[in-house]
Amino acid sequence: MKRTYLFLILSVFVFNLSSKESSTGQGIAYYKAGFPQVAKSLLFNEYSSDILNRTEICYYLGNIYFEENQLDSASYYFNKGFNVEPLNSFNVIGNSMIKMKYALASAETDIKRILKIKGNNKNENVMIAISRAYLMNSLTVKALDYCELAKDINPKSSSVAVLFGDIKLEQQDLGEACSNYELAILYDENCKEAYIKYARAYKNVNPKLSIEMLNRLKQKDPAFLLVDKELADIYYVQNNFDEAAKLYNSYLQSGNSSIQDLTKYAMTLFLNNDFSKSLEVAQLGLQKAPRNPAFNRLVMWNNVDLKKYGDALKAADLFFNQTDHPDFTYLDYRYYGQALRETKQFDLSILQFQTALKMDSSKIELWKDISDMYNDKADYLNSITAYTQYLKKLDESKKTCDVIIALGKLYYSLGNNSSTDPLIKKRALSEADSIFAIVAVKEPTGYRGNFWRARANAALDPETLLGLAKPYYDQTVSLVESKADPKYNSVLIECYSYLGYYSLLQKNNTLSLSYWDKIIAIDPSNSTAKKAIDGIQKALKGKI
């Protein structure tokens with residue numbers, strides 16, 4: 001999807017309504033189907049355009065605010081609806097629902113008055129509204145009583161069956177709840193709320209059943225794109241981000257998506273490794289909500305994964321300093337640290353990684369990252385300290401030779417650093433030798449342990465007077481030579497060079513010559529070998 005096309009979709013649809021939806025009175029239907037936030041936007045529009053149904057619209061707006069625990073706003077709309085049509089009972093029931101929170105007896109007196117109004121005691125919808133007022137206050141016994149009265153009026157009402165399901169769900173009787181939702185569909189196969197509520201009930205228990213039910217609804221009404229959101233949410237929880245991303249994209253076209261929906265879509269794209277599109281969606285989200293922490297976070301994360309480190313640092317500044325209630329995670333500092341690391345700001349990067357570790361000490365791989373950065377700035381002592389912490393916390397089963405040898409190499413680097421104190425140098429090289437010895441034992445047929453032992457001992461004997469490295473170079477040759485593999489040529493050249501030089505110091509010219517000849521066989525243009533051969537041959541001729 002091109003940027004311009006995606007921008008058009010989001011500009012038109014996020015927090016806006018299509019003209020079709022706002023003209024056909026969908027707000028109540030969406031509320032009943034279980035989408036109060038979508039319904040709220042629609043109902044506000046319909047209040048202005050649908051004068052004849054304002055009383056009912058106010059009742060449902062009051063219900064939405066009640067569910068949000070905004071009782072003043074709920075009361076405002078119930079009273080507004082009552083003022084428009086005083087003889088309508090529903091907004092009186094709404095106010096009674098609020099009163100149940102602090103004056104139950106008084107609320108029930110109001111309800112009895114409502115039922116004395118002619119026709120109300122035979123009105124299925126009045127009984128449903130009273131039952132739901134009790135249910136919204138978790139008074140399930142009373143809710144069930146009025147639900148039974150509604151059922152007596154209309155035994156095959158899908159709305160009553162849904163209500164029974166909701167009461168049973170509140171009572172944590174999942175099986176009975178879903179049986180009633182299925183019954184509602186039997187009474188009315190177009191009862192969207194029954195499909196949706198069934199799917200939500202089984203979402204975390206049996207997602208397969210949820211998906212099947214939602215697909216049934218999707219087949220019945222392909223234009224009802226809110227089904228795609230429900231399906232996307234399930235696939236998201238199942239870590240099926242590819243399918244979730246497709247469905248969120250489809251849902252955006254419904255015209256009802258919220259900032260939360262857009263955030264989840266951007267995150268789904270990120271988790272599906274579609275960093276470019278996730279960045280695009282997050283940036284467009286920021287146009288709607290510049291201080292939204294989720295969008296700012298994703299802009300930073302995506303830019304790091306796209307290797308746009310300069311942009312990532314700009315996003316990090318906005319995220320950490322100019323967002324509302326960001327609720328930082330270890331990953332935020334991890335990504336920020338990575339952007340700093342890639343721009344060679346090692347000291348600042350290390351601070352971010354250390355903060356990430358404080359937030360989640362189980363992420364022990366961060367110790368290795370910190371060690372690597374100290375290594376990059378040639379601070380080998382701190383690099384060793386951090387790597388030692390990493391090894392200490394690493395599970396024994398994961399302490400492979402690769403992991404162990406890396407610590408030895410850090411000690412080796414410390415021992416070969418020109419600014420290191422001579423005494424520390426010797427200790428570091430000795431420690432490196434001990435670590436490489438462990439590798440040699442663990443890899444009896446591998447050359448690495450002996451090869452690095454040779455290097456460490458060569459550094460301990462810089463004048464090659466003691467030949468400390470010789471046994472290890474010899475062992476390396478015996479392990480590598482027989483493989484006859486060109487990838488080991490550089491290893492053999494290093495071994496032969498040391499052995500050739502050591503033999504020359506020992507005045508064993510013939511043996512020394514044999515090593516230099518082996519180097520020429522591998523690399524005919526090797527200048528060091530050529531010079532050595534020339535010098536030895538002249539010396540041998542001089543003896544004749």
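Residues numbered from 1 in each chain as written. Predicted model: local features only at pLDDT ≥ 70, side-chain atom pairs only at ≥ 80, totals over all residues. Heavy atoms only, no water.

Caption draft 1: Up close: the environment of Gln-238. Among the structural elements, Gln-238 can be located in the loop between helix H15 (226-237) and helix H16 (241-252). Overall, Gln-238 belongs to the partly exposed group, its relative accessible area being 38%. As a C-alpha pair, Gln-238 and Arg-453 span 215 residues in sequence and 49 Å in three-dimensional space. Once residues lying within four places of it in the same chain are set aside, the contact partners of Gln-238 are Pro-207 and Ile-211. (Helix = DSSP H or I, 4+ residues; strand = E, 2+ residues; numbered from the N terminus. Buried < 20%, exposed > 50% of the residue type's maximum accessible area, 1.4 Å probe, protein only. Contact = heavy atoms within 4.5 Å.)

Caption draft 2: Here's a closer look at the nonpolar core. Leu-43, Ile-130, Phe-224 and Met-300 are the most contacted members of the largest nonpolar core, which totals 118 residues. With residues up to four places along the chain from it excluded, the contact list for Phe-224 reads Tyr-30, Ala-33, Phe-35, Lys-192, Ile-196 and Leu-217. Ile-364, Ile-384, Leu-407 and Phe-436 belong to the second largest nonpolar core, which has 48 residues in total. (Core = buried A, V, L, I, M, F, W, Y, C linked by side-chain atoms within 4.5 Å.)

Caption draft 3: Expanded view of the state of the cysteines. Under the criterion given, the structure shown has zero disulfides. Here Cys-147 is not disulfide-linked; the sulfur of Cys-191 is the nearest cysteine sulfur, at 13 Å. Assessed through its relative accessible area of 0%, Cys-147 is described here as buried. (Disulfide = S-S within 2.5 Å.)

Caption draft 4: The packing of helix H12 (residues 174-187) against helix H13 (residues 192-202), seen in detail. With their axes 9 Å apart at the nearest point, H12 and H13 run at an angle of 160° to one another. Accordingly, the angle class assigned to the pair H12 and H13 is roughly antiparallel. Considering only the axes of H12 and H13, their crossing is left-handed. Contact residues: Leu-174, Cys-178, Tyr-181, Glu-182, Ala-184 and Ile-185 in H12; Ala-194, Tyr-195, Lys-197, Tyr-198, Ala-201 and Tyr-202 in H13. (Axes fitted to C-alpha atoms, helices over the stretch in contact; angles between N-to-C directions. Parallel < 35°, antiparallel > 145°, perpendicular 65-115°, else oblique. Left-handed = near helix turned anticlockwise from the far one by under 90°.)

Caption draft 5: Highlighting the pattern of salt bridges. According to the stated counting rule, one finds 30 salt bridges in the structure shown. Among the ionic pairs, Asp-166 bridges to Arg-132, the shortest N-O distance being 2.7 Å. Residue Asp-166 is found in helix H11 (residues 158-170), and its partner Arg-132 is found in helix H9 (residues 124-136); the two are separated by 34 residues along the sequence. Classification of Asp-166 as buried rests on a relative accessible area of 11%. Within the structure, one salt-bridge network assembled from shared partners comprises Arg-334, Arg-341, Lys-368, Asp-369 and Asp-372. (Salt bridge = Lys/Arg side-chain N within 4 Å of Asp/Glu carboxyl O.)

Caption draft 6: Region of interest: a nonpolar patch on the surface. On the surface, a nonpolar cluster with roughly 320 Å² of combined accessible area is contributed by Leu-465, Leu-466 and Leu-468. As for its placement among the helices and strands, Leu-468 is situated in the loop between helix H27 (448-460) and helix H28 (470-480). For Leu-468, a relative accessible area of 30% translates into the label partly exposed. (Patch = residues over 30% accessible without salt bridge, like charges linked within 9 Å, V, L, I, M, F, W, Y side chains within 5 Å. Areas by Shrake-Rupley, 256 points an atom, 1.4 Å probe, with all protein chains shown as cover.)

Caption draft 7: Structural view of the layout of surface pockets. For the largest pocket, the calculated volume is near 810 Å³. What lines the largest pocket is a set of 26 residues, among which Tyr-31, Arg-132, Asp-166, Glu-193 and Lys-197 lie closest to the centre. Listed by contribution, the elements that provide at least two residues to the lining of the largest pocket are helix H3 (27-32), helix H5 (54-67), H9, H11 and H13. Among the elements that take part in the lining of the largest pocket, H9 stands out by supplying six residues, more than any other. (1 Å grid on protein atoms, 1.4 Å probe; cavity = no way out; pocket = protein on both sides within 12 Å on 5 of 7 lines; lining within 4 Å. Points joined across faces, edges and corners; volume = space filled by probe spheres on them.)

Caption draft 8: Region of interest: unusual backbone geometry. The phi angle at Asn-273 is positive, at roughly 65°, despite the residue not being glycine. With respect to the helices and strands, the residue Asn-273 is situated in the loop between helix H17 (259-271) and helix H18 (275-288). Judged by its relative accessible area of 57%, Asn-273 is exposed. If you check the backbone angles, His-325 has positive phi at about 50° while not being a glycine. Residue classification places His-325 among the exposed residues on the basis of a relative accessible area of 75%.

Caption draft 9: Quick peek at the side chain of Thr-420. Residue position: Thr-420 is located in the loop between helix H25 (401-416) and helix H26 (422-442). Take Thr-420: its relative accessible area is 11%, and that puts it in the buried class. Here the side chain of Thr-420 touches Leu-414 through a polar contact of 2.9 Å, landing on its backbone oxygen. The residues contacting Thr-420, other than those within four sequence positions of it, are Leu-414 and Lys-425. (Polar contact = N/O pair within 3.5 Å; in protein donor to acceptor, adjacent residues only side chain to side chain.)

Caption draft 10: Examining helix H20 (residues 309-321) more closely. End to end, H20 covers 18 Å across 13 residues, agreeing with the expected 18 Å (1.5 Å per residue, within 8%). Taken as a whole, H20 has its buried residues at Tyr-309, Ala-312, Leu-313, Ala-315, Ala-316, Phe-319 and Phe-320. One side of H20 carries all its buried residues, which in axial view fall inside an arc of 165°. Seen from the buried face of H20, the exposed residues on the opposite side, beyond 90 degrees, are Lys-314 and Asn-321. Of the surrounding secondary structure, the elements contacted by the buried residues of H20 are helix H19 (293-305) and helix H21 (330-342). (Expected span 1.5 Å × (residues − 1). Arc of directions from axis to C-beta.)

Caption draft 11: Region of interest: the packing of aromatic side chains. Summed over all chains, the structure comprises 31 aromatic pairs. Residues Phe-436 and Trp-452 carry aromatic rings whose centres are separated by 5.5 Å and whose planes lie at 35° to one another, so their mutual orientation is tilted. One end of the pair, Phe-436, is in helix H26; the other, Trp-452, is in helix H27, and 16 residues separate them in sequence. When its relative accessible area of 0% is taken as the criterion, Phe-436 is described as buried. In this structure Trp-452 comes out as buried when scored by relative accessible area, which is 14%. The interplanar angle of 5° and the centroid separation of 6.3 Å between the aromatic rings of Tyr-498 and Tyr-502 together place this pair among those described as stacked. Within this pair, Tyr-498 and its partner Tyr-502 are both found in helix H29 (residues 489-505), separated by four residues, close to a single helical turn. The buried category is assigned to Tyr-498, whose relative accessible area is 10%. Note on Tyr-502: relative accessible area 15%, which makes it buried. One aromatic cluster in this structure is built from Tyr-447, Phe-451, Tyr-473, Tyr-488, Tyr-498 and Tyr-502. (Phe/Tyr/Trp six-rings, centres within 6.5 Å; stacked < 30°, edge-to-face > 60°.)

All quantities given are derived from atomic positions and should not be read as evidence of function.
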